[in-house]
Every structure is written in C-alpha cells, then in structure tokens.
Amino acid sequence: MNFAQTLTSDPLDVLTKAALAVLTAVMLFMLVQQRLRAPADESGGVAGELRRIEQRLAQDKALYQEVAALAEQRQHDAAMDKLKQIQAAQPNNSRSFLWQAQLQYENGDLADALASYRQAIDLEPGYIDRKSPLFVGKDIKKNVLEAKDKLQREVTLKPNDPDIKRALNELLYVQRRLAGGCE
C-alpha cells in the first residue's frame, strides 16, 4: 500500500488524522504564544519578588529617614519617639524592630534590644538569610557578640537577676537563628 492509497483508503481514518494534525498545530501555537507572553508578564517569580523587595527597601529608607538621622546625631530619645510614631502607623513593619533593637542596644538596654532583634527576625527571616537582599545578619551578629560579652560579665556580678536571664534566653535564641537553626 502506498501513500496515496493510505490517504484515500478510509474516510474515518482521514478525518481522525486531520483532527490530530489540527490539534497538534493548535497546541504548538498556544505554546509559542505562552512563551512569547511570559517575559512581559513577570509580576510573579523571582524577578517580581526582587522588584517588590527593592520597592519595599526604598519605601523603608524614606520612612525611617528621620529616625536614621536622629540616631546618627546620637539623639536616641528623639529617634525612639519618631520610631514609636511609625510603629503606631505601621505596627507590622519588621524594619521598626531592627531600628528599635539598634537604639535599645546603643542605650545599653541589652535584654530589650535582643528581644527586638528576635521580633524582627521572626517577622522577616530574610534579615538573617545570606541569600536574601534584606540580609543584615552581619550587623545583628556584631551586636549579639558584643552583648554576649557584656552579659557574661553581668552574670558573674548578678547571677540571679531576672533581666539578665531573660537577656540570655533572647541571646541564645538569636544566636541559634543566626547559625541557621530553627525556633
């Protein structure tokens, strides 16, 4: 049987083969359309997430600009007052807890600073993820190591102080998280 006989042999076979050919062509056309549309529609995926993070960082920079300026001038009380206003307006912004921890640390409030670092890390794990554009783990680690040295001295002076015990618990938690551990 040759090719010409195959095409004319059975009308049902011809119809089935034609339908399969049309379906294959339609599917190929749809795949090509999807591939052409995909780069323009990157609101999701890694590129979209990076764009959202960049926007968030820019918004946070503008939002905390005054706090940063006051902290740089060593006006910690004024910076904390401004930070409280921001926290009242945006209570779930994890960046507030980073600023709060930094200000508390600079004022010598180690237990509160470590608790604030814990809140920031719990709200935004990207702060301690080296692969994240939000990573500030080096700054946190530096303060935690300094706090550890101070707390070790304090423990020998006041072994039963509940504030020191609380600070040590917070310190251990933050250290575990910095090391890649779980809660």
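This text follows the structure it describes.
Quick caveat, the model's predicted, so the values are computed rather than measured.

(A) Focus on the nonpolar core. Counting residues in hydrophobic clusters, the biggest one holds 26 residues, and the most contacted among them are Leu98, Leu114, Ile140, Val144, Leu151 and Val174. For this core, the elements supplying multiple residues, two or more each, are α6 (94-106), α7 (110-123), α8 (137-157) and α9 (162-178). With 7 residues, α7 is the largest single contributor of residues to this core. For Leu114, the contacting residues outside a window of four places in its chain are Val144, Ala147, Leu151, Ala167, Glu170, Leu171 and Val174. Grouped together as the second largest cluster of nonpolar side chains are 9 residues, Tyr64, Val67, Leu70 and Ile86 included.

(B) Inspection of the pattern of salt bridges at higher detail. For the structure on display, the rule yields 11 salt bridges. Its salt-bridge partner being Glu66, residue Lys82 comes within 3.8 Å of it at the nearest N-O pair. Note that Lys82 is positioned in helix α5 (residues 76-89) and Glu66 in helix α4 (residues 65-72), a separation of 16 residues in sequence. The exposure class assigned to Glu66 is partly exposed, which follows from its relative accessible area of 43%. One network of salt bridges, in which partners are shared, links Arg56, Asp60, Arg95 and Glu124.

About the cut-offs
Note that residues are indexed from 1 along each chain, following the sequence as it is written. Two thresholds apply to this predicted model, a pLDDT of at least 70 for residue-level local features and 80 or more for giving and counting side-chain atom pairs, whereas whole-chain, interface and lining totals are computed over all residues. Computation of side-chain values: all heavy atoms of the structure, hydrogens and water removed. The nonpolar core is taken to be a set of buried Ala, Val, Leu, Ile, Met, Phe, Trp, Tyr and Cys residues, with the residues joined through side-chain atoms within 4.5 Å. For the exposure calls, accessible area comes from a 1.4 Å probe over protein chains only, and a residue counts as buried if that area is under 20% of its type's maximum, exposed if over 50%, partly exposed in between. The secondary structure listing takes helices from DSSP runs of H or I that are at least 4 residues long and strands from runs of E that are at least 2 residues long, numbered from the N terminus. Residues count as neighbours in contact if any of their non-hydrogen atoms are within 4.5 Å of one another. Salt bridges are identified by distance alone: a Lys or Arg side-chain nitrogen within 4 Å of an Asp or Glu carboxyl oxygen.

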